[in-house]
Amino acid sequence: MLGLAAVACEADAPAPGPTPTPHEVSVTAHLTIGRGPQPHYPPESEGLAGTYTVRNDGDDPLYIATERAHGQLADASMPEIDEAVWVSSGDEGAARLSKQVFDVPGDVLLSVPFVLEASRVEPGEEIEGAVYVPLPLVAELPPDGDHYVVGEDPYQDGASQAEICVQAAPVPDEDSRPGRLTNYTPNRQLACSDPMPLPQP
C-alpha cells in the first residue's frame, strides 16, 4: 500500500464568506486493476479498484463522505453503490476519483438538497473505504452551470496518475441529521491523497 499525504481542497462557496481553515485529515490509498463489485458489474468487468483510509488528525469530530451523492447526475453511468466516484482532473493533471456533494449557485435554493452519506470520525480515529471505476476512464461529473458550482475540471485522457479524494466537514454543535452532508453544509472540503501511479491493465 502506498502511504500518501493529505491535500485539502476548498469547495467553491455559493456566496462570499471567510475561507475555512483546512481540516486536519490524512489519506492513505492504494489502486490496482480489479473486477467490479458484484452483482453490479459483469464478472468480466475490469477497472480501477482502490482502497483508502481517512484519519482525523485534528481536535474536533468530522463527517467523512462514504459515497458520492449519486442523484446529482441523472444519467450517471455508474451504479448507486458506495464504491462509485466522480471522475475529474485533479492535482498535476491526475485523474481525481472523488466522493463529494457539490455547491449550488448563490441564487439557487433546492427544494430537496442532495444528501451525501458520511461517517462521524472522532479525533485520532480513522475509517476505511473503497472505490471502483470501469476502464477506460471517462469523465463523470454533474454539469457546471445553472444548478451546480462543480469547480472541477473534466477528466482528460492520458493521465498517468490518480488521486482519491473524500469530502470532510465539521460536525455541527447541534446535529439533527447525523451522518449527512448536503449542498448547503458549510466548510466542506476535499481531503485527497497525493497522486499515485495509475495502474495499467
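Residues numbered from 1 in each chain as written. Predicted model: local features only at pLDDT ≥ 70, side-chain atom pairs only at ≥ 80, totals over all residues. Heavy atoms only, no water.

Here we come to the pattern of salt bridges. On inspection of all chains with the given rule, the structure shows 9 salt bridges. Residue R55 is joined to D57 by a salt bridge in which the shortest nitrogen-to-oxygen separation is 3.0 Å. We classify R55 as partly exposed; its relative accessible area is 33%. Using a relative accessible area of 36% as the deciding quantity, one classes D57 as partly exposed. Residues E163 and R96 are paired through a salt bridge, measuring 2.7 Å at the closest nitrogen-oxygen approach. Taken together, the residues E163 in strand β10 (residues 161–170) and R96 in strand β6 (residues 95–99) connect sequence positions 67 residues apart. With a relative accessible area of 0%, E163 lands in the buried category. For R96, a relative accessible area of 7% translates into the label buried. (Salt bridge = Lys/Arg side-chain N within 4 Å of Asp/Glu carboxyl O. Buried < 20%, exposed > 50% of the residue type's maximum accessible area, 1.4 Å probe, protein only. Helix = DSSP H or I, 4+ residues; strand = E, 2+ residues; numbered from the N terminus.)

As a further point, take the side chain of R188. Relative to the helices and strands, R188 is located in the loop between β11 (180–182) and β12 (189–192). One polar contact links the side chain of R188 to the main-chain carbonyl oxygen of V101, over a distance of 3.3 Å. (Polar contact = N/O pair within 3.5 Å; in protein donor to acceptor, adjacent residues only side chain to side chain.)

Below, the discussion takes up the sheet that holds strand β8 (residues 126–134). Each strand in a sheet pairs with another by means of backbone hydrogen bonds, the pair being arranged parallel or else antiparallel. The sheet built from 3 strands is open, its strands ordered β2-β3-β8 with antiparallel pairing. Only two strands of the sheet have a single partner each, and these edge strands are β2 (25–34) and β8. Averaged over all pairs of adjacent strands, the angle between their axes in this sheet comes to 20°, without regard to strand direction. In this sheet, β8 lies alongside strand β3 (residues 47–56) in antiparallel orientation, the contact comprising 9 bridges. Residue pairing for β8: V54 is matched across the bridge by I127. (Pairing = 2+ DSSP bridges. Axes fitted to C-alpha atoms, helices over the stretch in contact; angles between N-to-C directions.)

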